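# Observations on the model geometry
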Amino acid sequence: YIEANPLRAELVKRAGDWPWSSLAVRKGMEAPFELSDGPLKLPYGWEAMVDRIERPQRLGELKNSIKRGAPLGDLDWKIKTASRMNLESTLRPRGRPKKCTGYL
């Protein structure tokens, strides 16, 4: 998600071409910072994955997951995981529910 920002902003044709990105550092470009390998090994074909532009709906899901700490995946898995980890509130819209204006 983050490494694709220069691509989404149409600053480059490929995300790894942006010289100030972590993806460029992973590709071997020199940078004024060090990059940790992180806790997990990146999957095979990572650069190609980053170069795929996400659909707007998927991008919204990613942003929500990062912003609210919500599980990310298919609906069944998200619901089960949220329940197991006591994160149900991250799947609901923020704020107070809308007031009912209809008559009974």
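Our subject is the structure listed above.
Residues numbered from 1 in each chain as written. Predicted model: local features only at pLDDT ≥ 70, side-chain atom pairs only at ≥ 80, totals over all residues. Heavy atoms only, no water.

### Thoughts on the pattern of salt bridges
Applying the stated criterion to the full structure yields six salt bridges. Here Arg14 makes a salt bridge to Glu47, at a shortest N to O gap of 2.5 Å. Note that Arg14 is positioned in the loop between helix 1 (5–8) and helix 2 (22–26) and Glu47 in helix 3 (residues 46–51), a separation of 33 residues in sequence. Given a relative accessible area of 22%, Glu47 falls into the partly exposed group. Close ionic contact of Arg58 with Glu61 constitutes a salt bridge, the shortest N to O distance being 3.5 Å. Remark: Glu61 and Arg58 occur in helix 4 (residues 56–68); sequence separation between them is three residues, near one turn of the helix. (Salt bridge = Lys/Arg side-chain N within 4 Å of Asp/Glu carboxyl O. Helix = DSSP H or I, 4+ residues; strand = E, 2+ residues; numbered from the N terminus. Buried < 20%, exposed > 50% of the residue type's maximum accessible area, 1.4 Å probe, protein only.)

### Things to note about the nonpolar core
The biggest cluster of nonpolar side chains holds five residues, and these are Ala4, Leu7, Ala15, Leu23 and Val50. Leu23 has contacts with Glu3, Ala15, Gly16, Trp46, Glu47 and Val50, leaving out every residue within four places of it along the chain. (Core = buried A, V, L, I, M, F, W, Y, C linked by side-chain atoms within 4.5 Å. Contact = heavy atoms within 4.5 Å.)

### Some points on the environment of Leu23
With respect to the helices, strands and loops of the structure, Leu23 is situated in helix 2. The class for Leu23 is buried, based on a relative accessible area of 2%. Considering only alpha carbons, one finds Leu23 and Arg96, 73 residues apart in sequence, at a separation of 40 Å.

### Brief notes about unusual backbone geometry
A positive phi angle, close to 60°, is found at Glu10, a residue other than glycine. Positionally, Glu10 belongs in the loop between helix 1 and helix 2. Phi at Asn86 takes a positive value of approximately 60°, unusual for a residue other than glycine. Within the secondary structure layout, Asn86 lies in the segment after helix 5 (75–84).

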